[in-house]
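Tertiary structure, described
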Amino acid sequence: MIQRRTLLRTGAAAALGGSALTGFAQQSVTLKFHTFMAPTSNVWLNMHKAWMDKVEKDSKGRIKFEAYPAMQLGGTPVQLYDQARDGVVDIIWTLPGNTTGRFPRVEVFELPFIMSNAEATSKAYWEYVQTLAPDEFKETQVIALHVHGPGVIHTVDKAVKTVADMRGLKVRAPTRQVTKLVGSLGATPVGMPLPQIPDALSKGTITGCVIPWEVVPSVKVHELTKHHAEFDPAGGALYTTTFVMAMNKAKYDSLPPDLKKVIDANSGMATSAWLGKVQQAGDIPGRKAAVAVPGTSIFTVSPAEAQEFRRRSRQIEVEWVEDMNKRGFDGRKLLDTAKALIEKHTKTTKA
């Protein structure tokens, strides 16, 4: 009789245990995704929402998202990374350069004329961080690292065709290195987050900005500026900006193993490359939106003309290497590796 009761208790415990394990395996989770991009932007619609949709599908609906563009959960773009670190939200997408000097080693990808195309440069950025700067984003679970397409100069009244035309302009720049670039070209650089651009252009606080074509419609730059200076790809891209998609570590660690695998499968170099490729693809409709505005002028800086832009901005690279050395890193190694990785991935990636 005692033996029978023991067997019954053991069987019940096993059944309960199996049920608990099954319940854990079937656990669902809702993640809060937060960023500063507008809900009508290319980045939000074609990158963020597409990524979330794929994760939901891959998890068979067990990972769901509460999606918050345009800083709808509060705070400022500068605070996004810390919101993920501190668990205020679960996943963010932001510019490391929003917090000046905090992620110094990844700034190498924002140096003048270093990028090729966004897909290849994003692959290089991911590999670079994994191999030379794995602790740069150690406070979060990094999902993707990527860049946007070639930067373009947009101005209200004065067309930019040569470096000399930059003189006297007040130009918004997104990050520390791009701010230096704008200054080296003779303009007065003004640092500010992307959402502030329309108001600043309207009030005359700035007389121009540097952003890629794809983001132009979401901040109405095609309506607020008349002149646009893009660079012939043969002469190199003026600049790009780095981005990070990151998740709260504790939230990631709390996921069941199978859901972790879903996040992992939608993270890494391939996801970084995809984000970069999709973002640069948005340059085409962004440019078309500007062309459609009456009175718009678009000037293409030739490879020969770009040489003077390169010459004027060359010192920024030297200063960055010196800054890294002062911080205890091998600045020359970081720079040379970034360039080599971009070259390597460009050879194997179609632009």
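Here goes a summary of the coordinates provided. Worth saying up front: this structure is predicted, and the values here are computed from it rather than measured.

Some details on the sheet that holds strand S11 (residues 297–301)
In spatial order, the strands read S7-S6-S8-S5-S9-S11; together these six strands make up an open sheet with mixed pairing. Strands at the two margins of the open sheet, each flanked by one partner only, are strand S7 (188–191) and S11. Neighbour-to-neighbour, the strand axes of the sheet open up by a mean angle of 25°, direction not taken into account. The sheet contact formed by strand S5 (residues 152–155) and strand S8 (residues 208–211) spans four bridges and is antiparallel. Bridge pairing in S8 places valine 152 opposite isoleucine 211. Together, S5, strand S9 (227–231) and S11 form the strand contacts of helix H12 (residues 303–326), whose direction differs from that of S11 by roughly 80°.

Examining the pattern of salt bridges
One pass over the full model with this rule turns up 20 salt bridges. For arginine 85, the salt bridge goes to glutamate 139, with nearest N and O atoms at 3.9 Å. Of the two residues, arginine 85 is situated in helix H3 (residues 80–86) and glutamate 139 in the loop between helix H4 (118–132) and strand S4 (140–147); the sequence distance between them amounts to 54 residues. Judged by relative accessible area, glutamate 139 falls into the partly exposed class, the value being 34%. Linked through salt bridges whose partners overlap, the residues forming this network are Asp82, Arg85, Asp86, Arg102 and Glu139.

Basis of the calculations
- Residues numbered from 1 in each chain as written.
- Predicted model: local features only at pLDDT ≥ 70, side-chain atom pairs only at ≥ 80, totals over all residues.
- Heavy atoms only, no water.
- Pairing = 2+ DSSP bridges.
- Helix = DSSP H or I, 4+ residues; strand = E, 2+ residues; numbered from the N terminus.
- Axes fitted to C-alpha atoms, helices over the stretch in contact; angles between N-to-C directions.
- Contact = heavy atoms within 4.5 Å.
- Salt bridge = Lys/Arg side-chain N within 4 Å of Asp/Glu carboxyl O.
- Buried < 20%, exposed > 50% of the residue type's maximum accessible area, 1.4 Å probe, protein only.

None of the figures reported here should be taken as evidence of function without further support.
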